[in-house]
Amino acid sequence: MEPHSLDPDMSLNDSLSINATNSSSFWNEPLFPPVMDKLINILMVVTVFIVMVSMGCTMEVPKIKAHLMKPKGVAIALLAQYAVMPLTAFVLVKVFRLTGTTAIMVLICGCCPGGSLSNILALGINGDMNLSIVMTSCSTLLALGMMPLLLFIYCHSFPHLQSAVPYKDISVSLVMILIPCGIGILINHYRPKYAKVITRVGMIIMSIAILIVCISSSVAVGGSLLNLFSPPLMAIAALMPFIGYSFGYIISSIFKLKQRERRTVAMETGCQNVQLCSSILKLAFLPQEVGILFLYPFVYGSVQLMEAVVLIVLYRSYQYYKEHTGELYLPAAEEDKAGKSSSGTTGEDQ
């Protein structure tokens, strides 16, 4: 099935500091020759398949069941994931007056579920790893229905944009991507000894593939790659994850989750699955529609990682200061016990 075509005039971002005529030609030109474009598509499909199998290998059925039996934490986390981030993307698109493919790209970034990187970040900030993995699992599985629904809702506010979103192609891409995740869950359930090896190999392959795609794209477009670093797009890349981290923590605090659960929800909310986003842009749109924009999620992902690292460093520094000033330091594993023995939230964590 052919993806929907966009009106060339709609693929411009009025706020980009590029001449309108040149910008239209740039965004709508295929990035690669047809043969190379197919090879890149195959590489991305194979890579995402392996990465999603690896992600599935981190998901444990008993832990998922345990959290689903007491779903408060998961429900609040999913609320933050699928309410805060899509709304944030929508507001930023309006504020920076993005249009066409650029607007759809940002909305897709905002509607994507959390990725496996969020599990690593949750570990770095002494979060609840069970909740992190379950939230990643649930948000990934729910993406099949939530992403098309959210895009349908938010695109109504943009003239002529509603008919330009290839819902069917996005849904097909999600099915193709989520099936390997299910395979990974089955491997971890029935052959757990292979799960860790597959996870390590998957992360290595993902890193190599991203490097290959970025280098080949840089060679193909040369200095034009700098257009991805335009002020509006970089502002969105900086603001969206920061708002996600902040509101994830605030919402979980309102519902009185434990401190380590609040940190987990913050990381999961602000950290999007950029590999999934890039793959959808590459597979669901024609090359002349998406052009170089399918690489933007990697720029966005780099910024969200840097912001998360800053938060982790600040948290670790705070814990180090508390520990060395004589105040009690509680490792993450002990916070639940402390929370049960304390009447207030202040005793759950330092």
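For the structure itself, look to the data block above.
Our subject in this report is the structure included herewith.

Quick notes on the rules
Residues numbered from 1 in each chain as written. Predicted model: local features only at pLDDT ≥ 70, side-chain atom pairs only at ≥ 80, totals over all residues. Heavy atoms only, no water. Phe/Tyr/Trp six-rings, centres within 6.5 Å; stacked < 30°, edge-to-face > 60°. Helix = DSSP H or I, 4+ residues; strand = E, 2+ residues; numbered from the N terminus. Buried < 20%, exposed > 50% of the residue type's maximum accessible area, 1.4 Å probe, protein only. Axes fitted to C-alpha atoms, helices over the stretch in contact; angles between N-to-C directions. Parallel < 35°, antiparallel > 145°, perpendicular 65-115°, else oblique. Left-handed = near helix turned anticlockwise from the far one by under 90°. Contact = heavy atoms within 4.5 Å. Core = buried A, V, L, I, M, F, W, Y, C linked by side-chain atoms within 4.5 Å.

1. Here's the deal with the packing of aromatic side chains
Point 1. All chains considered together, the criterion is met by 1 aromatic pair.
Point 2. Between F90 and Y154 the ring centres are 5.1 Å apart and the planes differ by 35°, which places this aromatic pair in the tilted class. With F90 in helix 4 (residues 72-95) and Y154 in helix 7 (residues 129-155), the pair connects residues that are 64 residues apart, well separated along the chain. Each of the two residues, F90 as well as Y154, counts as buried.

2. Considerations on the packing of helix 10 (residues 231-254) against helix 14 (residues 296-324)
Point 1. Between helix 10 and helix 14, whose axes approach to 9 Å, the crossing angle comes to 45°. Between helix 10 and helix 14, the crossing angle belongs to the class labelled oblique. Classified by chirality, the crossing of helix 14 by helix 10 is right-handed. For the pair formed by helix 10 and helix 14, the contact residues are L233, M234, I236, A237, A238, M240, P241, F242 and Y245 on the first element and Y296, V299, Y300, V303, Q304, E307, A308 and L311 on the second.

3. Focus on the nonpolar core
Taken as a class, soluble globular proteins show a tendency for nonpolar side chains to be buried jointly.
Point 1. Counting 67 residues, the largest nonpolar core has L107, I108, M147 and Y296 as the members making the most contacts within it.
Point 2. Among the elements that take part in this core, helix 4 stands out by supplying 12 residues, more than any other.
Point 3. Among the nonpolar cores identified, the runner-up in size contains 8 residues, and Y245, M267, A308 and Y315 belong to it.

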